[in-house]
4 protein chains.
Amino acid sequence: MSQEVFEKYESNVRSYSRTFPTVFTWAKGSLLHDTAGREFIDFFNGAGALNYGHNPDYIKAKLAAYLESDGIMHALDMYTVPKAEFIEYFETKILAPRGLDYKIMFTGPTGTNAIEAGLKLARKITGRTGVFAFQGGYHGMTLGALALTTDAGSRAGAGVPLGNVTHLPAPYQYGEEFALTYFEDLITYDHSGVELPAALVVETVQAEGGVHVFSAAFLQGLERICKQYGILLLVDDIQVGCARTGRFFSFERAGIHPDIVAVSKSIGGYGMPLALLLFRPDMDIWKPGEHNGTFRGNQLSIVAAKAGLEVLLQDRVEAGVAEREAIVRDFLLQEVANIPGVKEVRGIGLIWGVDLGSDALAGAASKAAYQAGLIMERAGRDNSVLKIMPSLVIPLDTLRQGLEIVAHSVNTALAGVSSV
Amino acid sequence: MSQEVFEKYESNVRSYSRTFPTVFTWAKGSLLHDTAGREFIDFFNGAGALNYGHNPDYIKAKLAAYLESDGIMHALDMYTVPKAEFIEYFETKILAPRGLDYKIMFTGPTGTNAIEAGLKLARKITGRTGVFAFQGGYHGMTLGALALTTDAGSRAGAGVPLGNVTHLPAPYQYGEEFALTYFEDLITYDHSGVELPAALVVETVQAEGGVHVFSAAFLQGLERICKQYGILLLVDDIQVGCARTGRFFSFERAGIHPDIVAVSKSIGGYGMPLALLLFRPDMDIWKPGEHNGTFRGNQLSIVAAKAGLEVLLQDRVEAGVAEREAIVRDFLLQEVANIPGVKEVRGIGLIWGVDLGSDALAGAASKAAYQAGLIMERAGRDNSVLKIMPSLVIPLDTLRQGLEIVAHSVNTALAGVSSV
Amino acid sequence: MSQEVFEKYESNVRSYSRTFPTVFTWAKGSLLHDTAGREFIDFFNGAGALNYGHNPDYIKAKLAAYLESDGIMHALDMYTVPKAEFIEYFETKILAPRGLDYKIMFTGPTGTNAIEAGLKLARKITGRTGVFAFQGGYHGMTLGALALTTDAGSRAGAGVPLGNVTHLPAPYQYGEEFALTYFEDLITYDHSGVELPAALVVETVQAEGGVHVFSAAFLQGLERICKQYGILLLVDDIQVGCARTGRFFSFERAGIHPDIVAVSKSIGGYGMPLALLLFRPDMDIWKPGEHNGTFRGNQLSIVAAKAGLEVLLQDRVEAGVAEREAIVRDFLLQEVANIPGVKEVRGIGLIWGVDLGSDALAGAASKAAYQAGLIMERAGRDNSVLKIMPSLVIPLDTLRQGLEIVAHSVNTALAGVSSV
Amino acid sequence: MSQEVFEKYESNVRSYSRTFPTVFTWAKGSLLHDTAGREFIDFFNGAGALNYGHNPDYIKAKLAAYLESDGIMHALDMYTVPKAEFIEYFETKILAPRGLDYKIMFTGPTGTNAIEAGLKLARKITGRTGVFAFQGGYHGMTLGALALTTDAGSRAGAGVPLGNVTHLPAPYQYGEEFALTYFEDLITYDHSGVELPAALVVETVQAEGGVHVFSAAFLQGLERICKQYGILLLVDDIQVGCARTGRFFSFERAGIHPDIVAVSKSIGGYGMPLALLLFRPDMDIWKPGEHNGTFRGNQLSIVAAKAGLEVLLQDRVEAGVAEREAIVRDFLLQEVANIPGVKEVRGIGLIWGVDLGSDALAGAASKAAYQAGLIMERAGRDNSVLKIMPSLVIPLDTLRQGLEIVAHSVNTALAGVSSV
């Protein structure tokens, strides 16, 4: 199939199609297929929206059955059977066993919408306007969330000054200790030029920021400071939640209890649009409809979401992540980290970054990978980090195959440079 | 099924579930069913997202087939077969016959996201920050769109001052002529206190604002002023597009050519989350990825969208709207408008409002309708307008049945008042 | 003396020197003198800062004596003898007889600084961020005040979007009744897109806006609406206070009691920099130093201010204004208003405007006046209004002489046009 | 004289009068006198506005003569003889010998107004909205300048979110090298969340921030980074200019050439209100009147300003500062720095701070000083720094006398603590 129709009619804003210039048809598990009959291993997985891989049969069957039954599809925030079942399952099987007690808010079905809702709630509760977030963070593209987002390209689209947000240095910039000190100093120095914020918004692993894992100690430090000064802690678990880092919530490893959690992407189970905001029950001061959205009640997404959670538990996905994490880590450290020119390899669970230190190198590696049959995104400073994000249930041999391509691509890119 | 799980776990922000306090199970065409076995006629239709009714078989079959085929479900902005087919169909079957030439941008799958993208584009193109919108307008809940949205309840959630938007008086407030004069005066009076805006954002029919139909002449006036002063005209066709007013685009009746059009809700065909931004090809100055979103490539929504357009054309839905519009208009004017206490009946196509002038009266009518088996929303000033928005393909007898309940409910509400 | 030093070294921002291109040396009463020995009648009077004319002997003597005595000159907000005397005099001789009970705040010695202080206070008291002001209004050039100011030229300097202000249509645009209705509608319509403001800021006579006198009834209407909805009424009396309109405060003629009053310009008596903010005693919730400024305690200005008030009372300036107002009104109505091409003559007290309807005409008239020995500013829409603002104590024959030049200049300008 | 009139009528915002609770009458040189006949040594000097002491005879004579001559007093930005003379003198005697070539803009006569003008100009030239400033900085109280100002008390008065400013860590917080690195990183890291700013605003010595002297090397580093990335360097020399640090401009010691310089306070010579903005001639893109202000042409201030510069040169004030600086430094280091409990002594020229580390201690010391006949302000973190700012021409014995009181006061305050 020709790509002409896209070039003619689709806006120039299209992006991934430039990196992966083919037309995709069907997909299953960790494999993508294009109209030319080519097969690709997927280390991209919908930017984290496909933790259970493409079209997993268990969820697919649930969707098909719901569709067939003429179950209500679009319900805004009316009560429905799928929503009741999802809520019950999520509360009793996911939250309760983790000692978490959150109210659930169904926001518009995009991560950015959940973040916008979280900002509203934090500001409403505290009566403050300012919010803190980290350099390197990515939180969405609508105006409220965009003010939190840090990459210059995204921000340039705003067209208006982005305000009410102060960005903290990330721990990988000047060290963890400094990052905590700086955060606390902003609050305690009476000439810092910044007011006490409503919330601190944080990704426990900066994904788009270049796969930077914030340590448990650092996250605990953030929680301590937030509690001490009455700042709400909002974890953006949109990309690295849903077991991506090994546990359902990415913050579990730190033993912290955020006040607010934004969830999206893989919560939709099958790549279906869904987003949730979770928060402490005592914070539920919303008035009816104060934040809403037409598609916050897409029942097919909710059906997929519950089925996804069932997969998570039935298939012991968290344990599977641990197993695969070891494979990825070992491979990257042994086969990639030591390639001359590789700046750093870092990651946790099944999100890993290979930092090549330059846009050109990472671009060359990504291109080589694509040509060798691997779909892999880039992230971070100067787009210089290869982002490795396989499905959490990827077959082990496919995983190894993909990793081999990563090594090959990095070697190719770096060889290309040295030969120049 | 008990509602307890919602009361215990779902945020207080839930809204429609308070007006329609039951648990829905399945739906077909214009009928909703709850767990108690009750049946409701739907004059609400997903706030305009279900123009073809619930679960129409034609689209359902397409969705089931795509699901079954393991077609790629989640693709961000990569090229896919369904997207190619949709774009081609939309351009050649919808746009071209109407003499419209727009580029298509797939934004995050919510109306508010399309509006945010439209604001970014308008500001980027013009280099201006201000935007004009109308009092009574509703354009979404994320921070950029929320600044356009006018109802006090929505705005109260922001928690920060909403800026860069100037609201114009709507034509129903002080007359059309005045509204145009005021708009032009703001631009030409060198002491108006307002800068030349990037765009004027307008709904041709204010839906949430209380079903106010802007006349063709007025819309032409807006276009004339926009053109004269280099202001981009952005039509928010999210709720009243997709043939709701009789033609696919609500602005067709005025013969205008907006620079930007935001489309969502019923474009998803089956209640599926989807949103598009359309704009003149010469305006396509986006950089790759400058506005993005994880779920902008939900293929099931795109499959449903194309199928929805096929329904539109195959079933001659536009003509069907005209037929039903006549029924609704005649009924409301003859049976409702003259009920003592009814302030006004107004509408176009299949969006009609019965203005009862007070929150209490409209609330009573809505409640009576629900008890009589009709789902119907309220809108407008003090929430005092009953909003009648049946499916565009509602069987005529069901339509009449629903209208009878409207008349009954209004009578009940007004009788309740007079008896006090 | 050459003007070269200015052209070489002074910023292009200089403005009046372009209209009156000569170097001034000394001044007395209503006469200005330049280095070439020319004499000019002053109908400009420091943009309203010289109500008692240039260098009045009574005040001059007080200044000289204070200077000679080595009285403290610069005292910030420390207690001083001149300040005690001024406060006492102002409270007992100006406020008390008018039934006004205000606390006095010495702000930085510029009108814009008083406005900034007033905005802070209004926002602090109400906890609201928005403020209403009128189209045509001018309130200062620092960022907070500039957001209130409406002329495009001033606003263009901001370099950032000006926010938190909504501009109301002025009564001369669509009528008084409409202006009041619109104001109230913005507050009561729950879809107006505007939140309840902290304050309404108003000049009772828009001076820079083109000499538009707001009627007593209109001002009373504003006060009524403000009181009803808990909006603070802030009268900017900077240019038209200090008896310019016939009474000390310009709002006296309407019998209203603003919550906050900004005073500057002629309060400095001798053209000395001074600004005050007056407000109801119960509103005095300032914390020490919460708004401050180095020159808020210029004692020479305070000495001049008290002496100015003494002149006001001793010389019965208010009565003198009435006498002169009659002369100006009669002259303008009889000799100018009927010149073909004059659009309107309007004014009150000793602030009058001759509206010529175009920049070019008014520019020509102003130039002709200058050549004939009269200093006169322009204002309003397209800078098309000649602003006549003589000293309040101008000798009657000088006044008549100046008025003759006005008539001559208008005739010249209009003849110039018709001859083309 | 009683203080009752102030307590009854003056706003609670009054501040210094609480620290120095007496009524002042006359002043000369470095001595203040109150109505009770007490004499105080002045180490405060109008917060830096009285570098030549109170009522210096040379300037006084010039003022008296100008007043007597009926020279024009108030002239806005019209050309006058005093202004020509001042400009010429300033350009040829102050700027030219220092190799500086600046255009002069007469802003409203307050420091904050000059800063507002500088912000406008920087934004206008660069087309950018953001500005960088330092933690600890103080730049004024009107809304634009207030966003730069960092102390929590001042900012709390704003009543609206303060935007478009990013505060950098000051060199005394985490070291000079870090401060430079952080500044540059914000610009170069493509995920810093901050856009390239229009300007960097800096005080070379943070006065209100607690007397922190920025080193020459640091200032040079700032200039280098600004030049490299096209950021305008705006030095706020309002408090520490006019020879306070030993040279006329405080930045001379670093050999840098700021793009913009804000000057006020002591430029008024005699405590008279005046403010200037200086900038590179090629930056003079102002339109006439784009920034203005009624009192920007107070001729008495301009007469005083020129006379002040004459004093500066005739009396070799810069050399006198060096002589006095040695006395102060030696005394403080030998007699104060080693008092147990004194945290730090720091300063340059004739601005010195004694950091006592706590509000309570510094308050006690300030009170003790007042009781012993010394007027001395506090500044910095928790208001814990005694700010020593004598006149630049203070007689040496008076200087020593004042320093003895400082030592006495610190001893008293610390003894009071240790005895508890």
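J.: I would appreciate a short explanation of the overall build of chain A in the present structure.
T.: In terms of helices and strands, chain A carries 15 helices and 18 strands. Here chain A has a C-alpha radius of gyration of 21 Å; the compact-globule value for 420 residues is 22 Å, and the two agree. Reported as C-alpha extents along the three principal axes, the dimensions of chain A are approximately 60 × 55 × 45 Å. The proportion of buried residues among the 420 residues of chain A is 69%. Long-range contacts, defined here as pairs at least 24 residues apart, represent 73% of the contacts in chain A between residues at least 6 apart. Of the side chains in chain A, 36 bear a positive and 46 a negative charge, and the two mean positions are spaced by 2 Å.

J.: Honestly, the sheet that holds strand E7 (residues 165-168) of chain D in this entry has me stumped. Any pointers?
T.: Within a beta sheet, neighbouring strands are joined by backbone hydrogen bonds and run either parallel or antiparallel to one another. All names here are of chain D. Strand order in the open sheet formed by seven strands is E5-E13-E12-E11-E8-E6-E7, and the pairing between neighbours is mixed. Two strands bound the open sheet, and with one partner strand each, they are strand E5 (103-106) and E7. For this sheet the average axis-to-axis angle between neighbouring strands, irrespective of direction, equals 20°. Inspection of the sheet shows strand E12 (residues 260-263) paired to strand E13 (residues 276-279) by four bridges, in the antiparallel sense. Residue pairing across strands places Val-263 opposite Leu-276, the latter belonging to E13. Across the face of the sheet, helix H10 (residues 176-188) comes into contact with strand E6 (131-134), E7 and strand E8 (199-202) while running at roughly 145° to E7.

J.: Can you help me understand the interface of chain D and chain A in this one?
T.: Buried accessible area, meaning the area lost when the parts come together, often serves as the stated size of an interface. Counting residues at the interface gives 32 residues for chain D, matched by 33 residues for chain A. Summed over both sides, the interface between chain D and chain A buries roughly 2,700 Å², with carbon and sulfur atoms accounting for 48% of that surface. At the boundary of chain D with chain A, the tally comes to two salt bridges. When the shortest N-O distance is used, the salt bridge between Glu195(A) and Arg155(D) registers 2.7 Å. Top element by residues in the side of chain D that touches chain A is H10(D). It accounts for six residues. Here the side of chain D that touches chain A is composed, by residue class, of ten nonpolar, 14 polar and eight charged.

J.: Which parts of the structure should I look at to understand the interface of chain A and chain B?
T.: On the chain B side, the residues contacting the 104 residues of chain A number 104 residues. Buried surface at the junction of chain A and chain B, both sides included, amounts to about 9,000 Å², of which 64% is carbon and sulfur. At the junction of chain A and chain B, the tally comes to six salt bridges. One salt bridge in this structure joins Lys83(A) and Glu10(B), with 2.9 Å as the shortest N-O distance. Taken together, the connections running from chain A to chain B amount to 51 residue pairs in polar contact (both at pLDDT 80 or more). Here the residues of the side of chain A that touches chain B are counted per class, giving 48 nonpolar, 33 polar and 23 charged.

J.: Help me understand the relation of the copies chain A and chain B in this model?
T.: One copy of the chain maps onto the second through a rotation about an axis and a displacement along it. With an RMSD of 0.0 Å, chain A superimposes on chain B once it is rotated by 180° and translated 0.0 Å along the axis. Within this description, the copies of the chain are treated as partners about a two-fold rotation axis. The C-alpha atom lying nearest the rotation axis in chain A is that of Leu143(A); the distance is 2.6 Å. In this assembly the copies share their binding face: 100% of the residues contributing to the interface of chain A also contribute to that of chain B.

J.: What's the story with unusual backbone geometry in this structure? I'm lost.
T.: Generally, phi is negative for residues other than glycine and the peptide bonds are trans, each holding for most cases. Within the chain, Asp70(A) stands out as a residue other than glycine whose phi angle is a positive 60°. Counting through the fold element by element, Asp70(A) comes out in the loop between helix H4 (57-68) and strand E4 (79-80). Here the phi dihedral of Asn383(D) falls at roughly 55°; this positive angle occurs in a residue that is not glycine. When you line up the elements, Asn383(D) lands in the loop between strand E17 (377-379) and strand E18 (385-388).

J.: What is the right way to look at a negative patch on the surface in this model?
T.: Where like charges cluster on the molecular surface, the negative patch consists of Glu4(A), Glu7(A), Glu85(B) and Glu88(B). If you list the elements that add at least two residues to the negative patch, you get helix H1 (4-9) of chain A together with helix H5 (81-95) of chain B. As for its position among the elements, Glu85(B) is in helix H5. The class of Glu85(B) is partly exposed, set by a relative accessible area of 37%.

Parameters and conventions
Residues numbered from 1 in each chain as written. Chains lettered and ligands numbered in written order. Predicted model: local features only at pLDDT ≥ 70, side-chain atom pairs only at ≥ 80, totals over all residues. Heavy atoms only, no water. Helix = DSSP H or I, 4+ residues; strand = E, 2+ residues; numbered from the N terminus. Rg over C-alpha atoms; globule rule 2.2 N^0.38 Å. Buried < 20%, exposed > 50% of the residue type's maximum accessible area, 1.4 Å probe, protein only. Contact = heavy atoms within 4.5 Å. Lys, Arg positive; Asp, Glu negative; His and termini not counted. Charge placed at Lys NZ, Arg CZ, Asp CG, Glu CD. Pairing = 2+ DSSP bridges. Axes fitted to C-alpha atoms, helices over the stretch in contact; angles between N-to-C directions. Buried area = accessible area lost by both parts, 1.4 Å probe. Salt bridge = Lys/Arg side-chain N within 4 Å of Asp/Glu carboxyl O. Nonpolar A, V, L, I, M, F, W, Y, C, P; charged D, E, K, R; others polar. Polar contact = N/O pair within 3.5 Å; in protein donor to acceptor, adjacent residues only side chain to side chain. Least-squares fit on C-alpha atoms with pLDDT ≥ 70 in both. Patch = residues over 30% accessible without salt bridge, like charges linked within 9 Å, V, L, I, M, F, W, Y side chains within 5 Å. Areas by Shrake-Rupley, 256 points an atom, 1.4 Å probe, with all protein chains shown as cover.

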